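Structure assessment
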Amino acid sequence: MARKQFDLIVFDWDGTLMDSTSTIVKCIQAAAKDLGLPIPKDNVAADVIGLALYEAMQAVMPGIDAQYYPRMVERYRYHYLAKDHELVLFDGVRAMLLDLSQQGYFLAVATGKSRVGLNRALNSVKLLSLFHATRCADETFSKPHPAMLQELTRELGQVMKRTVMVGDTSHDLQMAKNAGAAAIAVLYGAHGAEQLDACTPLYSAATVAALHQWLDENA
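Here the structure is a predicted model, which is why all the values come from computation and not from measurement.

1. Considering the packing of aromatic side chains
Under the counting rule described, the total for this entry stands at four aromatic pairs. For the pair tyrosine 76 and tyrosine 80, a centre-to-centre distance of 5.7 Å together with 20° between the ring planes defines the contact as stacked. Of this pair, tyrosine 76 and tyrosine 80 both sit in helix α4 (residues 68-83), four residues apart, roughly one helical turn. Judged by its relative accessible area of 7%, tyrosine 80 falls in the buried class. Centroid distance phenylalanine 90 to tyrosine 188: 4.8 Å. Interplanar angle 65°. Geometry classified as edge-to-face. In this pair, phenylalanine 90 is assigned in the loop between α4 and α5 (93-102) and tyrosine 188 in the loop between β5 (182-186) and α9 (193-197), connecting sequence segments 98 residues apart. Side by side, phenylalanine 90 and tyrosine 188 carry an identical accessibility label, which is buried. One residue, arginine 75, lies across the ring of tyrosine 78, its end atom 4.4 Å from the ring centre.

2. Here we look at the nonpolar core
Ranked by internal contacts, the top residues of the largest apolar core, which has 59 residues, are Phe11, Trp13, Leu97, Phe131, Leu211 and Leu215. Sort the elements by how many residues they give to this core and helix α1 (residues 21-34) lands first, with six residues. Apart from the residues lying within four places of it in its own chain, the contact partners of leucine 215 are Ile9, Phe11, Met96, Leu100, Tyr105 and Ile184.

3. What about the side chain of arginine 135?
Residue position: arginine 135 is located in strand β3 (residues 133-136). Exposure remark for arginine 135: the relative accessible area of 12% places this residue in the buried category. Of note is the side chain of arginine 135, whose polar atom sits 2.7 Å from the side chain of glutamate 151. If we ignore the near neighbours within four places in the chain, the residues touching arginine 135 are Val109, Ala110, Thr111, Arg115, Thr140, Met148, Glu151, Leu152 and Glu155.

4. Considering unusual backbone geometry
What is expected of a backbone is that most residues other than glycine have negative phi and most peptide bonds are trans. Each neighbour pair has its own omega, and for lysine 143 with proline 144 the value is 10°, a cis peptide bond. Position of proline 144 relative to the elements: it lies in the loop between β3 and α7 (147-156). In the Ramachandran plot, lysine 126 falls in the positive-phi region, its phi being about 60° despite a non-glycine side chain. Locating lysine 126 in the fold gives a position in the loop between α6 (115-124) and β3. For threonine 200, which is not glycine, the phi torsion reads 50° and is therefore positive. Within the secondary structure, threonine 200 is located in the loop between α9 and β6 (203-205).

5. Points about the packing of α1 against α4
Taken N-terminus to C-terminus, the directions of α1 and α4 make an angle of 135°; their axes are 8 Å apart at the nearest point. Looking at the two axes, α1 sits oblique to α4. For the crossing formed where α1 meets α4, the hand is right-handed. Here Thr23, Ile24, Cys27, Ile28, Ala30, Ala31, Ala32 and Asp34 of α1 come into contact with α4, specifically with Met72, Arg75, Tyr76, His79, Tyr80 and Lys83.

6. Examining the environment of proline 62
Within the secondary structure, proline 62 is located in the loop between α3 (53-60) and α4. Look at proline 62 and you get exposed, because its relative accessible area is 64%. For the pair formed by proline 62 and glycine 157, sequence separation is 95 residues and the distance between their alpha carbons is 39 Å.

7. Quick word on the pattern of salt bridges
A full pass over the atoms with the stated rule returns 10 salt bridges. Here aspartate 7 ties to arginine 162 by a salt bridge, and the two come within 2.7 Å at their closest N and O atoms. A residue pair is termed long-range when its members are at least 10 positions apart, and aspartate 7 in the segment before β1 (8-11) and arginine 162 in the loop between α7 and β4 (163-167) qualify at 155 residues. Residue classification places arginine 162 among the partly exposed positions, given a relative accessible area of 24%. Three or more residues are tied together by salt bridges with common partners; here these are Asp12, Lys143 and Asp172.

8. Quick word on the sheet that holds β1
A sheet is described by the order of its strands in space; here six strands give the open sequence β3-β2-β1-β4-β5-β6, paired in parallel fashion. The sheet is open, and its two edges are formed by β3 and β6, each paired on a single side. Pairwise comparison of adjacent strand axes, ignoring direction, gives a mean angle of 20° for this sheet. The pairing of strand β2 (residues 106-111) with β3 spans four bridges and is classified as parallel. Looking at the pairing, alanine 108 lines up with alanine 133 of β3. Across the face of the sheet, α5 comes into contact with β1 and β2 while running at roughly 160° to β1. Sitting on the sheet, α7 touches β1, β2, β3 and β4, and the angle it makes with β3 is about 155°.

What counts and how
Residues numbered from 1 in each chain as written. Predicted model: local features only at pLDDT ≥ 70, side-chain atom pairs only at ≥ 80, totals over all residues. Heavy atoms only, no water. Phe/Tyr/Trp six-rings, centres within 6.5 Å; stacked < 30°, edge-to-face > 60°. Helix = DSSP H or I, 4+ residues; strand = E, 2+ residues; numbered from the N terminus. Buried < 20%, exposed > 50% of the residue type's maximum accessible area, 1.4 Å probe, protein only. Lys NZ or Arg CZ within 6 Å of the ring centre and 35° of its normal. Core = buried A, V, L, I, M, F, W, Y, C linked by side-chain atoms within 4.5 Å. Contact = heavy atoms within 4.5 Å. Polar contact = N/O pair within 3.5 Å; in protein donor to acceptor, adjacent residues only side chain to side chain. Axes fitted to C-alpha atoms, helices over the stretch in contact; angles between N-to-C directions. Parallel < 35°, antiparallel > 145°, perpendicular 65-115°, else oblique. Left-handed = near helix turned anticlockwise from the far one by under 90°. Salt bridge = Lys/Arg side-chain N within 4 Å of Asp/Glu carboxyl O. Pairing = 2+ DSSP bridges.

Quick look at the structure:
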């Protein structure tokens, strides 16, 4: 049966496939506390999820001396490494990915995580072999720059108009728009519905089950 719209489905990782939003927020706050800096509120910390780590620290703490940003990154990594073995995929993610793979879609990840961090996460949940390609923030430009999607489509021999980006933040959706790809929002991650709706996604999924059904019926 011919594809309806897409050949390549690109997923964000944190807050889209892995249930890690609250852990990331707490680790950002713990890093600030370690350095005696003002502790960002939950919504402020959640807003920078999806950016490359250094850019995220600049965005979450814009008024501090620049010397603190590398230290924020180091303390964040310390706290995150202590927690990341506890993180799990959202319910239904594994079944959705296996189903899409069996249907013959190209699957990829575009994430603000580092290469080391993504590989560790993929190995932990045993999904490394399921994705045809992945791109991380320490390998190219940070979201919302279109480079991740441009590089993934080139690597896999795909075209942007038949590529869709699935993500939980406005950074993901804006990257898709900047690249000329379609975008799907998930409403169970870091950014709220109003913020995501402003990016005019093709569809907004309240749950993994709703996302899976939409992709089955429309992608």
